[in-house]
Amino acid sequence: MTDKLELYHHGSSVCAAKVRFYLAEKDLPWEGHYIDILKGDQFDPAYIKLNPKAVVPTLVHNGTVIRDSTNICEYLDDVFPERQVRPEDPLMRAEARYWTKAVDEDLHPACGAMTFMSSHRHTIQRLGPEKVQEFLNSTPPFSVTADWHERKKIFVRDGFDAPDARKTVELYDRYLKKMEDALAGSDWLAGDRFTFADIAMTPYVVRLDMMSMQPMWTNGRLPRVADWLDRIKGRPTFPPAFLDWMPDHLTDDLKTNGAQSWPEVAEILGIAA
């Protein structure tokens, strides 16, 4: 039987981008189902049956549903062992998992907060007051985090005046600095070759890049991170994973809204805006 891979995804989802990047690196063909998470497609009852958290991505492999992006990526390496993206050496594989674990536990929730505070809150306001309230109330009690239902409302309402705003920005910056340290000995985050560690971190740095927040690593602040991102963007798998699925209006929103939010981020980090 020919393998059939179906991916439910969205252009701006960092987790969906991670899986698209993984699929591209493994040269696996897939069929896409676009879920517009900024219009609330993820709350459709048919999709909730596939993914009760109402998040993307969701992978369906020959009818079997696989959820959660890190789990999906590891599943792909297990089922399609050719072109392994995880390191073969057990020690390096453990090193890569430090990064994937950090993403799942810390950086992903921080990215959701940062994105809504900087940009998405402005995008969804176009839905109108009634639809915005419906959008916010539709988030399941347990989604990105156990408290995401309420936290998202706060980030949409208060932006960088939200109670956790400073902590979120500072956490993000600490991970960029961890990357800078890790890249002191090699071009990649977990050893001498591109691995899942790099795939895991890429969407979160690219999100900042798309939101006009490059001064977090440019101008000599984190030069190894800057060089690493250039190497990532130079991979032929980068455009189909990150650029081809981004609608122009969403790219413009992230860039414009992020640029307008940058002074608030710069003030928190003590960087000249």
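Read on for an overview of the structure. (Residues numbered from 1 in each chain as written. Predicted model: local features only at pLDDT ≥ 70, side-chain atom pairs only at ≥ 80, totals over all residues. Heavy atoms only, no water.)

### Focus on the pairing of strand β1 (residues 5-9)
In summary, the side chains of a regular strand alternate between the two faces of the sheet.
Then step 1. Buried residues dominate β1, accounting for 5 of its 5 residues.
Then step 2. What you see with β1 is no split at all: Leu5, Leu7 and His9 on one side and Glu6 and Tyr8 on the other are buried throughout.
Then step 3. Here β1 pairs with strand β3 (residues 58-61) via 4 bridges, running antiparallel. Counterpart to leucine 7 in the pairing with β3 is leucine 59.
Then step 4. Pairing of β1 with strand β2 (residues 31-34), which is carried by 4 bridges, proceeds in the parallel orientation. Bridge pairing links tyrosine 8 to histidine 33 in β2.
Then step 5. Of the crossover connections in this fold, the one passing from β1 over helix α1 (residues 14-25) to the parallel β2 is right-handed. (Buried < 20%, exposed > 50% of the residue type's maximum accessible area, 1.4 Å probe, protein only. Helix = DSSP H or I, 4+ residues; strand = E, 2+ residues; numbered from the N terminus. Pairing = 2+ DSSP bridges. Right-handed = clockwise from strand over helix to strand, strands pointing away.)

### Some remarks on the side chain of histidine 120
Then step 1. Here histidine 120 lies in helix α4 (residues 90-124).
Then step 2. Ignoring anything within four residues of it in the chain, the contact list for histidine 120 reads Ser12, Leu38, Thr115, Leu250 and Leu254. (Contact = heavy atoms within 4.5 Å.)

### What to know about the sheet that holds β1
Neighbouring strands of a sheet are bound in pairs by backbone hydrogen bonds; such pairs are parallel or else antiparallel.
Then step 1. Across the sheet, which stays open at both edges, the 4 strands sit in the order β2-β1-β3-β4 with mixed pairing between neighbours. Looking at which strands have only one partner, the edges of the open sheet turn out to be β2 and β4 (64-67). On average, adjacent strands in this sheet sit at an angle of 20° to one another, irrespective of strand direction. (Axes fitted to C-alpha atoms, helices over the stretch in contact; angles between N-to-C directions.)

### What to know about unusual backbone geometry
Then step 1. Cis peptide bonds are those with omega within 30 degrees of zero, and the linkage from valine 56 to proline 57 qualifies with 5°.
Then step 2. For asparagine 62, which is not glycine, the phi dihedral falls at a positive 50°.
Then step 3. Position of asparagine 62 among the secondary structure elements: in the loop between β3 and β4.
Then step 4. Of note in this structure, aspartate 68 is not a glycine but carries a positive phi near 75°.
Then step 5. One can find aspartate 68 in the loop between β4 and α3 (69-79).
Then step 6. For aspartate 68, a relative accessible area of 39% translates into the label partly exposed.

### Quick notes on the pattern of salt bridges
Then step 1. According to the stated counting rule, one finds 15 salt bridges in the structure shown.
Then step 2. Across the pair glutamate 25 and arginine 235 runs a salt bridge, and its minimum N-O distance is 2.9 Å. Note that glutamate 25 is positioned in helix α1 and arginine 235 in the loop between α9 (223-233) and α10 (238-243), a separation of 210 residues in sequence.
Then step 3. Residue classification places glutamate 25 among the buried positions, given a relative accessible area of 11%.
Then step 4. Two residues, aspartate 187 and arginine 231, come together in a salt bridge whose shortest N-O distance is 3.9 Å. Taken together, the residues aspartate 187 in the loop between α7 (165-182) and α8 (196-210) and arginine 231 in helix α9 connect sequence positions 44 residues apart.
Then step 5. Assessed through its relative accessible area of 27%, arginine 231 is described here as partly exposed.
Then step 6. The structure contains a network of salt bridges with shared partners spanning Lys26, Asp77, Asp78 and Arg86. (Salt bridge = Lys/Arg side-chain N within 4 Å of Asp/Glu carboxyl O.)

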